[in-house]
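Here is what each chain is made of, one letter per residue.
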Amino acid sequence: MRKKKSLSFCLLILLTFSFSSSAQQLKTITGKVTDTSNVALQSVSVIVKNKSAATETQKDGTFSVKASDEDTLVFSHIGFADKHVYVGSKSTIDVVLSEGISDLSNVTVTVVSIGYGTLNKKEVSSAVTHISGKELLSVGGNGALMSLQGKVAGLTVSNTFTADPNSTPTIQLRGVSSRNAGLEPLYVINGIPGGNINNINQNDIESIDVLKGGAASAIYGTRGSNGVIIITTKKGSSEPRLFYDGYIGLDFITNKLKVLSRDEFVAHKERGNDFGHNTDWLKQVSRDPAISTKHTLQFSGGGVKTNYMVSADYRRAEGIDLRATKEEYGARLNINHTAANNLYTASINIAPRYYKVNHAYMEGFNYALTLNPTMSPYDSLGRYAYIRTGFFANNPIEEAKAILKQQDAKLIDMSGSFKLNITKTLSTTVTVGETGFSYRNYDFTPSTITYKQKSNGGNGRSTAQQKQEDTDQKNFEWIGNYDVNISKHAFKLAGGYSYQYSTYSQFSAGNEGFPSDVLTYNNMEAGWWDAETGIKGVSSSKNSSKLISFFGRVNYDFNKKYYLSASLRHEGSSKFGKSNKWGNFPAVAVAWRLTQEKFMQNIPWLNDLKLRADYGTTGNQDFGNYKSLNTYGGYGYYIYNGTTYQVWGPNQNANYNLRWEKAINFNAGVDFDLFQSLLSGSINYYQRTNKDLLGDYNVPNPPNIRQQTYANVGTMKNAGLEIQLNANVVRHKDFNYNISFAGATNSNKFISFSNEIYKGQKYVDVVGMPGPGTPGNVQRIEEGRRVGSFYTWRSAGVDSTGALLVYTKDGKTIRGDKATNDDKQYTGNGLPQFTASMGHYFKYRNWDAGVFLRGVFGYKIFNTFAFKLGTPATQQNANVLTTAYDGGKYSKLTNGATYATLSDYFLESGNFVKIDNMSVGYTCRFSQSIKIRSARVYATARNLHCFTKYKGGDPDLVPINGLYPGVNNRLNYYPSSLQLLFGLQVNF
């Protein structure tokens, strides 16, 4: 009866398919196992995955085992890579095993990418986290890396505009590492360093390996300072497969800031005039819900020697503002071919992508927070109203719908590799690749928009601009590998050469004053502005850079017990000064598998225990080209004898000693597997010291041409503890329950602003806050202190006049507008001390469910919205947050004299815990008579609820990556959303 109900349920889901039920009956599977030379293999382990059934092959390579159609057979043999084969309708299965990694002590062998090679996870001696594609979160958003959020201890994935389909997350590993150079990890996609992370469909990902330890990332030299993320996409299968995944998504605004309603605004007459209307401005500028949809088709097949995988995807998404949309098409082709005699293997990867976007109208929500709710967006004739009062004097609905801000993008990733197996233990591989980005931006503001109309004091001119940007990166990698086993000694040697050439070019043109708005940005020459002023609205540029490297690595293990890895990369970059073009990046790692020792082998609850430590030097050259050279540029225009000339001259000081930032990394860790894999995980302690930080430093002028020089000055240190756990709480044929946990601490200190050449200041004040008024800077970076330190006046309460009181440096109490900068103190920190996540995953027969929680702790947020819009002192003729009159602490600040006083009065705890992701799915399995193997329907909810005391909306919208965590220094409000996905996955 249960089976018939399940089939009926599936029939309702897949209206176009009909099928009949069949029980999972066991049948006898026979076959033969050979190597690539067609030699029969004896004693090959043949195991039915997740079942107790198992056997071994006979002397002639044959085997026989009982399994059902839904089972998978795992073939394992020492010295050969494991092979997984889905049974399906087959009753005879012949398998060819290739030489590689196998571990008969554990059916599931995890192969980890370590850069220019792979290792069995048990052989890894540095800090590497492996995530399979199946573990990624279901997220209907832009960028595959959002699905990694919270999955890797120490990896911070932050997106402060998640409801914008054109936004991308920022990624930071083990804390902030630089002042001015790039902070994101290096992305390696299918062996190509510097791959395009925006050209990845999440469904195409086979696995992600995050190289956190310095010894692991040092093999990438000047690009490994911020860690390395290696992404491997799916490859073809030995039998035909077709997979479909599609969903529809709905985004609803959540955790919205609350402003005064019309009645509340009118009740507080000091707020402004009553124009007689009732407008919910936040509702007017929003799409609620915003709708998105995505479809993916994957075709794979081939044979043992040749296979392919083709993927195509389409996505269309709306933002929660009135303008943002994204429509994209992508594809990926992977073909692999191995010669009949196993002499060579060739592969090719091609991935094009095209998308067209309308950029979000970010300012619309800022206007919605502050516009008078008694005003209407339309005049008496139904036209857009001209709004000229309040914080922002514009009509947000008109701007969102009338102003065009668009972009077309074309992306292409291509790579090919050829591996020559010279002997069974010696091979060489050549890989070539090219990554291209082409963006074209289109902007147009019509002359009819209300603030441009001459009747409203405007200039009456429409404006248009187009900008073309092209980036191209060419890679060449040549690697040799030699493996040798001598008794209990195993060596894996790798050496190679790497070349990368990158170019960037841009061209833009703009004009004003078009005779008609009809052709928008497609009639640039018709504008009269450039002719009248004599200034051509065009610009262009081009630059390039090169990286050349030689590298080598040796991996050694003794009796699967003691492991040693050592590597060296010698790399040169055209970005550096002539005195420092080349650098060396060494690394060493050791590991000890205690469970291989005799004295540890009689502990029944201990399956695996490995201690490891590593040390490595990495670099950072992620900054602009030509920073070490004398360069010239334009400095505006001047008129002489009626002719307009452009001023031209040197625009930077040369620095021939410019060199890479250097990171010195130490990591110590332990990997463990307990109680028959009931509990497994890893613990890491790391220290990273970043030296020779890149940035602009003040120099005397003269003798220098400019007042700042881009130089290597400064030192920063990060340290922390990371823990990654996985618990198989319940393992039963009908029910499984699994828990995952990832947690990380981060201790940061800015050590120095100076070196032997440049003597910088002891501190620098950062993060200037917006007007009205002149609030000044809210944070200070100082030697010996943690990045993200708030440096403000310390609040002493509110006096009887509603003025903010603060403490002086002597401990006296004065009004905030009477305090000086000397009275400021350190009042908190915006850099989280601890991040954590926990996932709960359930499977009951055909049902699956998951709940993923994520939290950030131990930091403060400066509530910019309360500071500017949340008190009665906020300027008149503007709406305010409800906190201004709710009887809370912000409602006490009625005196405008201290309105711009930066104080810890506005610092709030940023701690939060989120129900980040919740999903439920049901899988239908079909009989042999149906061409569908399985179908799964699922529903996923993201950002379900946030538990926090922060009053400024969603604390996740406040950045915690970079040098200035814990504060938004602009009123750039873009609400978060609760996202619901309803999807279908079908395997044919």
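None of the values given here were measured: they were computed from a predicted structure.

### So, the overall build of the protein
Next up, step 1: If you tally the helices and strands in the protein, you get eight helices and 52 strands.
Next up, step 2: Against the globule reference of 30 Å for 988 residues, the protein gives a C-alpha radius of gyration of 31 Å, in line with a compact fold.
Next up, step 3: Each of the three principal axes of the protein carries a C-alpha extent, and together these read 95 × 75 × 65 Å.
Next up, step 4: The buried share of the protein, reckoned over its 988 residues, is 53%.
Next up, step 5: Sequence separation of at least 24 residues holds for 69% of the intrachain contacts in the protein that already meet a minimum separation of 6.
Next up, step 6: When the accessible area of the protein is evaluated, it comes to approximately 42,800 Å², of which 54% is carbon and sulfur surface.
Next up, step 7: Within the protein, the 78 negative side-chain charges are centred at a point lying 3 Å from the centre of the 105 positive side-chain charges.

### Digging into the layout of surface pockets
Next up, step 1: Estimated volume of the second largest pocket: approximately 1,300 Å³.
Next up, step 2: Residue lining of the second largest pocket: 49 residues in total, with Gly194, Gly195, Phe437, Gln473 and Asp622 positioned closest to the centre.
Next up, step 3: Counting residues per element, the lining of the second largest pocket draws most heavily on strand β26 (residues 538–558), at five residues.
Next up, step 4: Of the residues contributing to the lining of the second largest pocket, the split by class is 15 nonpolar, 27 polar and seven charged.

### Notes on the nonpolar core
Next up, step 1: Ranked by size, the top nonpolar core spans 32 residues in total, and within it Phe365, Leu369 and Tyr974 carry the most contacts.
Next up, step 2: Element by element, the count of residues in this core is highest for helix α5 (residues 363–370), at four residues.
Next up, step 3: Apart from the residues lying within four places of it in its own chain, the contact partners of Phe365 are Ile253, Leu282, Val285, Ser286, Ile320, Asp321, Tyr973, Tyr974 and Pro975.

### Brief notes about a nonpolar patch on the surface
Next up, step 1: On the surface, a cluster of nonpolar side chains totalling about 630 Å² of accessible area is made up of Leu564, Val588, Val590, Tyr615, Phe666, Ile683, Tyr685 and Leu721.
Next up, step 2: Elements with a minimum of two residues in the nonpolar patch: β28 (582–593) and β33 (679–691).
Next up, step 3: The class of Phe666 is partly exposed, set by a relative accessible area of 36%.

### Side note on the sheet that holds strand β14 (residues 192–193)
Next up, step 1: The five strands are arranged β10-β15-β16-β13-β14 in an open sheet whose pairing can be described as mixed. Unpaired on one side and paired on the other, β10 (128–132) and β14 mark the two borders of the sheet.
Next up, step 2: As paired strands, strand β13 (residues 186–189) and β14 are joined by two bridges and run antiparallel to one another. For Val188, the partnering residue across the bridge sits in β14 and is Pro193.

### Regarding the environment of Asn180
Next up, step 1: As for its position among the elements, Asn180 is in the loop between β12 (170–173) and β13.
Next up, step 2: Apart from residues no more than four positions distant in its own chain, Asn180 is found in contact with Leu694, Gly695 and Tyr710.

### Focus on the sheet that holds strand β4 (residues 62–67)
Next up, step 1: Here three strands make up an open sheet; going across it, the order is β4-β1-β7 and the pairing mixed. The open sheet is flanked by β4 and β7 (95–97), the only strands paired with a single partner. On average, each strand axis in the sheet is inclined to that of its neighbour by 35 degrees, with strand direction left out of account.
Next up, step 2: In the sheet, strand β1 (residues 27–35) pairs with β7 via three bridges, with the strands oriented parallel. What sits directly across from Thr34, in β7, is Val96.

### Describing the environment of Asn336
Next up, step 1: Here Asn336 lies in strand β20 (residues 325–338).
Next up, step 2: Overall, Asn336 belongs to the buried group, its relative accessible area being 12%.
Next up, step 3: C-alpha separation for the pair Asn336 and Asn456, spaced 120 residues apart in sequence, amounts to 66 Å.
Next up, step 4: For Asn336, the contacting residues outside a window of four places in its chain are Lys235, Gly236, Lys305, Thr306, Asn307, Ala346 and Ser347.
Next up, step 5: Side chain to side chain, Asn336 and Asn334 meet in a polar contact 2.5 Å long.

### A short note on α5
Next up, step 1: Burial within α5 is extensive, with seven of its eight residues counted as buried.
Next up, step 2: For α5, the complete set of buried residues consists of Gly364, Phe365, Asn366, Tyr367, Ala368, Leu369 and Thr370.
Next up, step 3: In the core, the buried residues of α5 are packed alongside β17 (241–254), α4 (281–284), α6 (396–402) and α8 (864–869).

### Thoughts on empty space enclosed by the protein
Next up, step 1: Counted by the stated rule, this structure contains twelve cavities of 30 Å³ or more.
Next up, step 2: If you add up the space inside the largest cavity, you get close to 390 Å³.
Next up, step 3: Contributing to the lining of the largest cavity are 31 residues, with Gly154, Leu155, Thr156, Thr835 and Ile960 lying nearest its centre.
Next up, step 4: Of all the elements in the fold, those that place two or more residues in the lining of the largest cavity are β11 (155–158), β37 (735–745), β46 (834–844) and β47 (847–857).

### A word on the side chain of Asn829
Next up, step 1: Along the chain, the position of Asn829 falls in strand β45 (residues 825–829).
Next up, step 2: On the basis of relative accessible area, Asn829 is assigned to the buried category, the value being 14%.
Next up, step 3: Of the polar contacts made by the side chain of Asn829, one reaches the side chain of Arg786; its length is 3.4 Å.
Next up, step 4: Sequence-distant contacts of Asn829, that is, excluding residues within four places in its chain, are made with Arg786, Val787, Gly788, Ser789, Phe790, Tyr859 and Lys860.

### Overview of the pairing of strand β25 (residues 489–512)
Next up, step 1: Inspection of the sheet shows strand β24 (residues 463–486) paired to β25 by 24 bridges, in the antiparallel sense. Among the inter-strand pairings, Asn485 is bridged to a residue of β25, identified as Ala490.
Next up, step 2: Joining the antiparallel neighbours β24 and β25 is a turn of two residues, in which Ser487 adopts a positive phi near 55 degrees.
Next up, step 3: Pairing analysis gives 21 bridges linking β25 to β26, with the strands arranged antiparallel. Within β26, the residue paired with Ala490 across the bridge is Asp557.

### Focus on unusual backbone geometry
Next up, step 1: Cis geometry is found at the peptide bond from Asn701 to Pro702, where omega equals -5 degrees.
Next up, step 2: Among the secondary structure elements, Pro702 is positioned in the loop between β34 (694–698) and β35 (708–712).
Next up, step 3: The step from Pro702 to Pro703 runs through a cis peptide bond, and the omega angle for that step is 10 degrees.
Next up, step 4: Checked against the element boundaries, Pro703 lands in the loop between β34 and β35.
Next up, step 5: Even without glycine at this site, Lys560 takes up a positive phi of about 55 degrees.
Next up, step 6: The topology assignment puts Lys560 in the loop between β26 and β27 (562–573).
Next up, step 7: Even without being a glycine, Gln676 presents a positive backbone phi close to 55 degrees.
Next up, step 8: Mapped onto the elements of the fold, Gln676 is located in the loop between β32 (661–674) and β33.

The rules behind these values
Residues numbered from 1 in each chain as written. Predicted model: local features only at pLDDT ≥ 70, side-chain atom pairs only at ≥ 80, totals over all residues. Heavy atoms only, no water. Helix = DSSP H or I, 4+ residues; strand = E, 2+ residues; numbered from the N terminus. Rg over C-alpha atoms; globule rule 2.2 N^0.38 Å. Buried < 20%, exposed > 50% of the residue type's maximum accessible area, 1.4 Å probe, protein only. Contact = heavy atoms within 4.5 Å. Areas by Shrake-Rupley, 256 points an atom, 1.4 Å probe, with all protein chains shown as cover. Lys, Arg positive; Asp, Glu negative; His and termini not counted. Charge placed at Lys NZ, Arg CZ, Asp CG, Glu CD. 1 Å grid on protein atoms, 1.4 Å probe; cavity = no way out; pocket = protein on both sides within 12 Å on 5 of 7 lines; lining within 4 Å. Points joined across faces, edges and corners; volume = space filled by probe spheres on them. Nonpolar A, V, L, I, M, F, W, Y, C, P; charged D, E, K, R; others polar. Core = buried A, V, L, I, M, F, W, Y, C linked by side-chain atoms within 4.5 Å. Patch = residues over 30% accessible without salt bridge, like charges linked within 9 Å, V, L, I, M, F, W, Y side chains within 5 Å. Salt bridge = Lys/Arg side-chain N within 4 Å of Asp/Glu carboxyl O. Pairing = 2+ DSSP bridges. Axes fitted to C-alpha atoms, helices over the stretch in contact; angles between N-to-C directions. Polar contact = N/O pair within 3.5 Å; in protein donor to acceptor, adjacent residues only side chain to side chain.

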